[in-house]
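Residue strings, one per chain:
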Amino acid sequence: MTAVVDSPTTPAIAPGASVLADARSQLKTATDVLGFDDSMFAMLATPRREVTVSIPLRRDNGTYEVLTGHRVQHNFSRGPAKGGLRYSPDVTLDEVRALAMWMTWKCALLDVPYGGAKGGVRIDPREHSQAELERVTRRYTSEISPLIGPERDIPAPDIGTDERTMAWMMDTYSVQQGHTVLGVTTGKPIALGGSLGRATATSRGVAHVAFAALTDRGITVAGATAAVQGFGKVGRYAARFLAEAGMKVVAVSDQYGAIADERGLDVPALEEHVDATGSVVGFAGSDVLEGSALLELDVDLLVPAAVEGVLHAGNAERVKAKVIVEGANGPTTPEADDIFRRNDILVAPDILANAGGVVVSYFEWVQSSQAFWWSADEVESRLAQRMDIAWRDVNAAARKRGLALRDAATVLAVERVAQAHLMRGLYP
Ligand code: NAD
């Protein structure tokens, strides 16, 4: 471990750290609405604990490289920290700080007993073999192991990681403890204590919120059109559930390109194509879309399910979707949010729309701790119930306070975290 910083000072916003600036500006709006003073803002804006580690990697060809990894634990007021682990060449500490803060609000909004955390390793997983990724994961886990555990901080998959990664993390941690600790990660394979329904949970939640938001706007779900950016763990199943509900998924994209079919893509056939080729590009019968044209299509529903900051001041005026449901974390900048509000585009924010994953991660952690497994139906009906309650709570708060859904959701979440913080009191 190269550096552990307990209770760091409020991080300065480095140049290019716009995601963190966005997250902090959303928090500022919420603390202003709630009438909190600057000291409460500073408390909630500052991660409780951050660690940056070096990960020396022996490549398959015998050479070495040294990677950098982070784990940020933003808040513990309501319970252990919880959040994904991202493998991407674009990972920065400020990005991980922003994602950790959003996890705190998401867990509070869905009323799961966690704080927020996030991890990231600066690596392009496509450039590494499975054996190399396993060595990176085991070394990273070993370096951060004093800080994680079922009662401390529970990682889960995010961009570039999957159930395999969670199995390696769980195994590495368990070897160090001397016994199997299933509850240290969630999003594990079913054979290793994973929960039925976890792999599709985020997308199920996205679809659930999308149907509610479309209905709210007077749009009939069956026959409505959708575009989905990103075809990974979130975007792929979101497209599947939208199509299964009778929607026309007219465009999808991944990091290699975007495709469209105005008659509606055949999503099951597209999934087979992606399994065979690794990308949506080249799907038979589809048209090619250039650049970020997908985001500007005239559709009923737009689901950004890839990365942060894709809807911004530079393109928001050209967005024609009636409803945006955020599968990704942080896809909309505050400037774009203002434009969408003016243009009467309904935005279902990330901390609500993509919370299905952490809800079923919570179910997985509960099942692990009880060593008692639920049926898929039980998981899915409990998930639907939680998403319904959160959707209703956020809409009620938005109406009561005259706020957009994002601000209403953040206000609700921040209020719950602040309450827990005040009731616990400050040590010493
Ligand atoms: P993933 O790695 O499985 O998939 C990411 C997808 O986005 C891939 O298809 C990739 O090709 C594509 N992509 C990357 N850059 C792109 C670009 N510029 N344009 C179009 N496509 C691009 O990751 P994931 O788990 O699906 O996560 C996607 C987003 O959802 C992230 O913001 C993540 O934080 C968020 N999220 C994930 C979960 C989860 O359970 N996995 C839960 C909540 C939120």
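Each chain carries its own residue numbering, running from 1 in the direction its sequence is written. In keeping with the model being predicted, local features are shown solely for residues with a pLDDT of at least 70 and side-chain atom pairs are shown and tallied solely at 80 or more, while totals for entire chains, interfaces and linings include all residues. Only hydrogens and water are removed before side-chain values are computed, so all heavy atoms of the structure are retained for them.

Asks: Go over the overall build of the protein with me, naming the residues and quoting the values.
Replies: Along the protein, the regular secondary structure elements total 13 helices and 13 strands. The globule rule is 2.2 Å times the number of residues to the power 0.38, and the radius of gyration it is compared with is taken over C-alpha atoms. For the protein, the C-alpha radius of gyration of 21 Å lies close to 22 Å, the compact-globule estimate for 428 residues. Projected onto its principal axes, the C-alpha positions of the protein cover 55 × 55 × 45 Å. Relative accessibility under 20% of the residue-type maximum defines a buried residue, over 50% an exposed one, and the middle range a partly exposed one, all with a 1.4 Å probe and only protein chains included. Sorting the 428 residues of the protein into buried and exposed places 58% on the buried side. For the protein, the exposed area adds up to about 17,300 Å²; of that, 51% sits on carbon and sulfur atoms. The positive charge centre, built from 43 side chains, and the negative charge centre, built from 53, are 5 Å apart in the protein. A run of DSSP states H or I qualifies as a helix once it reaches four residues; a run of E qualifies as a strand once it reaches two. Both are numbered from the N-terminal end. Computed with the Shrake-Rupley method and a 1.4 Å probe, the accessible areas treat only the protein chains shown as cover for residues. Two residue types count as positive, namely Lys and Arg, and two as negative, namely Asp and Glu; His and chain ends fall outside the count. To locate a charge, the coordinates of NZ of Lys, CZ of Arg, CG of Asp or CD of Glu are taken.

Asks: Kindly report on the pattern of salt bridges, identifying the contributing residues and their values.
Replies: We count a salt bridge whenever a side-chain nitrogen from Lys or Arg sits within 4 Å of a carboxyl oxygen from Asp or Glu. In total, this model carries 32 salt bridges according to the counting rule given. A salt bridge links Asp 158 to Arg 86; its shortest N-O distance comes to 2.6 Å. Placement of the pair is Asp 158 in the loop between strand S6 (153–157) and helix H5 (163–177) and Arg 86 in strand S4 (residues 81–88), with a sequence separation of 72 residues. One exposure class covers both Asp 158 and Arg 86, and it is buried. The partner of Arg 236 in a salt bridge is Asp 275, with the nearest N and O atoms 3.0 Å apart. Of the two residues, Arg 236 is situated in helix H7 (residues 235–244) and Asp 275 in helix H8 (residues 267–277); the sequence distance between them amounts to 39 residues. In this structure, a network of salt bridges that share partners links the residues Arg 86, Glu 95, Lys 118, Asp 158 and Glu 308.

Asks: If you had to explain the site of the ligand to someone new, which residues and values would you point to?
Replies: Throughout, near means a residue has at least one heavy atom within 4 Å of the molecule or strand. Around the ligand, the surrounding shell holds 21 residues, and the nearest of these are Asp 158, Thr 202, Lys 233, Gln 255 and Asn 329. In this structure, Lys 233 approaches the ligand through a main-chain N or O atom, which is 2.9 Å from an oxygen atom. One of the side-chain N or O atoms of Asn 329 is found 2.8 Å from an oxygen atom in the ligand. When the ligand is considered free in solution it has 830 Å² of accessible area, and contact with the protein chains removes 83% of it. Gly counts as polar in this scheme, as do all residues outside two lists: the nonpolar Ala, Val, Leu, Ile, Met, Phe, Trp, Tyr, Cys and Pro, and the charged Asp, Glu, Lys and Arg. When the residues that make up the shell around the ligand are grouped by side-chain class, the tally is six nonpolar, ten polar and five charged. Each polar contact in these results corresponds to two N or O atoms within 3.5 Å; when the atoms are within protein, one needs to be able to donate a hydrogen and the other to accept it, and residues that are neighboring in sequence are counted only if both atoms are side-chain atoms.

Asks: How would you sum up unusual backbone geometry? Please name residues and give values.
Replies: In this structure, the amide linkage connecting Tyr 427 to the following residue, Pro 428, adopts the cis form with an omega of -5°. Within the chain, Asp 111 stands out as a residue other than glycine whose phi angle is a positive 55°. Assignment of secondary structure puts Asp 111 in the loop between helix H3 (93–109) and strand S5 (116–122). You will see that Ala 371, though not glycine, has its phi angle at about 50°, which is positive. Considering the arrangement of structural elements, one finds Ala 371 in the loop between helix H11 (356–370) and helix H12 (376–401). Taking relative accessible area as the criterion, Ala 371 reaches 59% and is therefore assigned exposed.

Asks: Which residues make up helix H2 (residues 38–45), and what values go with them?
Replies: Residues of H2 that are buried include every one of Met 40, Phe 41, Leu 44 and Ala 45, and no others. Projected onto a plane normal to the axis of H2, the buried residues spread over an arc of 130° and lie on a single side. Looking at the packing, one finds that the buried side of H2 touches helix H1 (18–34), strand S3 (64–75), H3 and helix H13 (405–424). By arc we mean the arc of the directions from the helix axis to the C-beta atoms, nothing more. In what follows, a contact means two residues having at least one pair of non-hydrogen atoms within 4.5 Å.

Asks: Kindly report on H11, identifying the contributing residues and their values.
Replies: Every helix has an expected span of 1.5 Å times one less than the residues it contains. In this model, H11 (15 residues) spans 21 Å end to end at C-alpha, consistent with the 21 Å of a helix rising 1.5 Å per residue. In terms of burial, H11 is largely enclosed, as 13 of its 15 residues are buried. Immediately downstream of H11, the backbone of Ala 371 shows phi near 50°, a positive value.

Asks: How would you explain the nonpolar core if you had to name every residue and give the values?
Replies: Throughout, nonpolar core names a set of buried Ala, Val, Leu, Ile, Met, Phe, Trp, Tyr and Cys residues whose side chains join them through atoms within 4.5 Å. By size, the foremost hydrophobic cluster in this structure holds 87 residues, and its most contacted members are Trp 105, Leu 109, Leu 242, Val 252, Leu 270, Leu 301 and Val 325. In this structure, Trp 105 is in contact with Leu 27, Leu 44, His 74, Ile 351, Thr 410, Ala 413, Val 414 and Val 417, ignoring residues within four places of it in sequence. By size, the runner-up hydrophobic cluster in this structure holds 22 residues, among which are Tyr 140, Ile 148, Trp 168 and Tyr 173.

Asks: For the confidence of the model for the protein, give the residues involved together with the corresponding values.
Replies: For the protein, per-residue confidence averages 95 on the pLDDT scale, and residues scoring 70 or more make up 96% of the total. Think of pLDDT as the predictor's per-residue confidence, scored from 0 to 100. Strand S1 (residues 3–6) is the least confidently modelled element of the protein, averaging 37 in pLDDT, while strand S12 (residues 323–325) averages 99, the highest of any element. Contacts from residues 1–16, a stretch scored under 50 in pLDDT, to residues over four places away or in other chains number 35 contacts.

Asks: Please provide a residue-by-residue account of the pairing of strand S2 (residues 49–58), values included.
Replies: Two strands form a pair only when DSSP identifies at least two bridges running between them. Here S2 runs beside S3; their pairing, made up of ten bridges, is antiparallel. Residue pairing across strands places Glu 50 opposite Val 72, the latter belonging to S3. Joining the antiparallel neighbours S2 and S3 is a turn of five residues, in which Gly 62 adopts a positive phi near 95°.

Asks: Could you give me a rundown of the packing of aromatic side chains, with the residues and numbers involved?
Replies: Whether two aromatic rings pair depends on their centres lying within 6.5 Å, for rings of Phe, Tyr and Trp, where Trp uses its six-membered ring; planes under 30 degrees apart make the pair stacked, over 60 edge-to-face, and the rest tilted. According to the stated counting rule, one finds five aromatic pairs in the structure shown. Aromatic side chains Tyr 362 and Phe 363 sit 5.9 Å apart centroid to centroid with 45° between the ring planes, which places their arrangement in the tilted category. By relative accessible area, Phe 363 is classed as buried at 3%. Each ring, one from Phe 363 and one from Trp 374, has its centre 5.2 Å from the other, and the planes form 50°; the classification is tilted. One end of the pair, Phe 363, is in helix H11; the other, Trp 374, is in the loop between H11 and H12, with eleven residues separating them in the sequence. Following the ring pairs from residue to residue traces out a cluster consisting of Tyr 114, Tyr 362, Phe 363, Trp 365 and Trp 374. Ring-over charges, as used throughout, are those where CZ of Arg or NZ of Lys falls within 6 Å of the ring centre and within 35 degrees of the ring normal. When the ring centre of Phe 41 is taken as reference, the NZ or CZ atom of Lys 28 above it lies at 5.8 Å. In this arrangement the basic side chain of Arg 382 is found over the ring face of Trp 374, its NZ or CZ atom lying 4.3 Å from the centre.

Asks: Account for the sheet that holds strand S10 (residues 287–289), naming residues and giving values.
Replies: Ordered by their spatial adjacency, seven strands build an open sheet running S10-S9-S8-S7-S11-S12-S13, and the pairing between neighbours is mixed. Of all strands in the sheet, those bounded by a partner on one side alone are S10 and strand S13 (346–348). Taken pair by pair, the neighbouring strands of this sheet meet at an average axis angle of 20°, ignoring direction. Alignment of strand S7 (residues 225–229) against strand S11 (residues 301–304), held across four bridges, turns out to be parallel. Note on S11: the bridge partner recorded for Gln 229 is Pro 304. Sitting on the sheet, helix H6 (residues 201–216) is in contact with S11, S12 and S13, with an inclination near 160° to S12. Inter-axis angles, ranging from 0 to 180 degrees, are taken between N-to-C directions of lines fitted to C-alpha atoms, where helices are fitted over the stretch in contact.

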